[in-house]
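Per-entry structural report
One letter stands for each residue in the lines below.
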Amino acid sequence: MANKPIYVTMPTLAPLEEVNEIMKGIWESGIMTHNGPLVQRFEKEVCEHLGVPKMVACSNGTIALQMAIKALGKTGEIITTPFTFIATISSIMWEHCTPVFVDIDPETLNIDPKKIEERITCHTVAIMPVHVFGNACQIDEIDAVAKAHNIPVIYDAAHAVGVKYKGKCIMEYGDLSCTSFHATKMLNTAEGGGVFTLNEELDERLRRIRFFGFENHADILEDGFNGKMTEVHAALGLANLRYLDKALADRKEKYALYKEMLSENPEIGFQKITSDCNYSYFPVVFKDEETMQKVTAALNAENVYPRRYFYPSVNTFTKIVPYIPMPMSEDIASRVLCLPLHVRMTMQNVEEIAEITLKAIK
Ligand code: T4K
């Protein structure tokens, strides 16, 4: 079908001239890092664009999660989902906390809020749900449980730039919300991340944690580390930010076409979208693993490379966590496949991939 391989995703990149124009300032000033003018501008422009008051930019999404946990200043159990990328779990463990899994809702693919309360103990220090594939969690339900037990919520919003919940930017929810600006995300700085909070004190702590714990280059007030974003990454992000809305509209259109075509087969399942999603991925839930593998082979034969995000379910990584069965997550992980979805594909590519998929499972 395609001369060139079609990958599951590709970065949305601004024209090089626009990046260079912003980069020029770095060469002129020689300021490359340490919360320089471009990082400050990136934080400001992202916030203006998304409609949130503040963001602390950092080196990647994993560090964003670690900074958020560190800012809360407690160690213990953190309730999270097994249907996620390993970074959700490793950030918890690197902050000397223990992940406690709660199974997912097989329709939304997000943590099942009804099952959270039964896993809360006197050791629980936070709840860390993930807005999987940019589909907002059931925030009101999670909030209610968290408030009832006085436990903070850190949202792993790595996939969620551009998502809204009840008309507001998704990053405003929870005590802290962490995103990723990795090359594969809706807005990218190649590598990068951001932490959002409406709490001034937490915001100040995050800024110190990001910079070794320093306050004004003098006293050490926190157990910090190096979580800084560089000026080069911020320059790329500033240029790419101009294309975010276009990328969001493009994803939505391609997502709709996939859905329309694949809905023809009643055996194909889709993630139940519960909010104003960013359509950053196109996950398809097949009836079983064998069907999913058949589709993968048919697409690979045509130079198309879908991906099994998130397989296997994270609770089965027994070299780092003790196995506790998570039937919904394990089942979904075994038969979900993300079809290619990005700005460099054409609508015709989408049609052809949908056709190959339908043919493979006939
Ligand atoms: N929480 C959640 C829920 C997450 O999903 C993630 C990361 C995090 C936290 C942590 O955020 P970061 O610390 O990463 O900022 C990706 C990313 O590395 C990772 O950011 C992402 N989630 C995870 C789901 O997947 P892969 O395994 O998709 O990368 P790779 O190299 O296989 O790339 C996939 C396709 O993308 C390639 O086939 C081609 C294209 N690609 C990739 C890269 C890296 C490009 O065109 N250009 C590129 O530079 O990892």
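The paragraphs below set out a description of the structure included in this document. Predicted model only: the values in this text are computed from it and were never measured. (Residues numbered from 1 in each chain as written. Predicted model: local features only at pLDDT ≥ 70, side-chain atom pairs only at ≥ 80, totals over all residues. Heavy atoms only, no water.)

Concerning the site of the ligand
Looking at the ligand, there are 25 residues lining it, with T62, D156, S180, R307 and Y309 nearest. Residue H159 places a side-chain N or O atom 2.7 Å away from an oxygen atom belonging to the ligand. One nitrogen or oxygen atom from the side chain of H182 is found 3.3 Å from an oxygen atom belonging to the ligand. Summarising the interface, the protein chains cover 75% of the accessible area of the ligand, which totals 920 Å² for the free molecule. Using a 2 Å cut-off from the grid points, one finds that the ligand occupies the largest pocket. Residue composition of the shell around the ligand, by class: eleven nonpolar, eleven polar and three charged. (Near = heavy atom within 4 Å. Polar contact = N/O pair within 3.5 Å; in protein donor to acceptor, adjacent residues only side chain to side chain. Areas by Shrake-Rupley, 256 points an atom, 1.4 Å probe, with all protein chains shown as cover. 1 Å grid on protein atoms, 1.4 Å probe; cavity = no way out; pocket = protein on both sides within 12 Å on 5 of 7 lines; lining within 4 Å. Sits in = over half its atoms within 2 Å of the grid points. Nonpolar A, V, L, I, M, F, W, Y, C, P; charged D, E, K, R; others polar.)

Some details on the sheet that holds strand 9 (residues 176–180)
Taken together, four strands build an open sheet; the order of strands is 2-10-9-6 and the sheet is mixed. Two strands in the sheet have a free side with no partner beyond their single neighbour: strand 2 (56–58) and strand 6 (154–156). Across the sheet, the axes of successive neighbouring strands diverge by a mean angle of 20°, strand direction being ignored. Here three bridges tie strand 2 to strand 10 (residues 193–196), and the two strands are oriented antiparallel to one another. In the sheet register, C58 faces strand 10, and the bridge partner there is G193. Sheet contacts for helix 3 (residues 61–72): strand 2, strand 6, strand 9 and strand 10; angle to strand 9, the most-contacted strand, approximately 165°. Contacting strand 2, strand 9 and strand 10, helix 6 (residues 200–210) crosses the sheet at an angle of about 25° to strand 2. (Pairing = 2+ DSSP bridges. Helix = DSSP H or I, 4+ residues; strand = E, 2+ residues; numbered from the N terminus. Axes fitted to C-alpha atoms, helices over the stretch in contact; angles between N-to-C directions. Contact = heavy atoms within 4.5 Å.)

A word on the pattern of salt bridges
Once their charged atoms are close, side chains differing in charge can pair, the charge on each being opposite to the other. Tallied over the full model, the rule gives 24 salt bridges. Between K114 and D112 there is a salt bridge; the shortest N-O distance is 3.5 Å. Residue classification places K114 among the exposed residues on the basis of a relative accessible area of 68%. Here the residues in one salt-bridge network are E43, K54, E200, D203, R207 and R210, joined through shared partners. (Salt bridge = Lys/Arg side-chain N within 4 Å of Asp/Glu carboxyl O. Buried < 20%, exposed > 50% of the residue type's maximum accessible area, 1.4 Å probe, protein only.)

Quick word on helix 5 (residues 139–149)
Taken together, the buried positions of helix 5 are I139, I142, V145 and A146. Down the axis of helix 5, the smallest arc covering the buried residues is 135°, so these residues share one side. Residues K147 and A148 are exposed on helix 5 and point more than 90 degrees away from its buried face. Those residues of helix 5 that are buried lie in contact with strand 5 (124–128), strand 6 and strand 7 (164–165). N150 sits one or two residues past helix 5 and shows a positive phi near 55°. (Arc of directions from axis to C-beta.)

Geometric descriptors of this kind do not, in isolation, establish any biological role.
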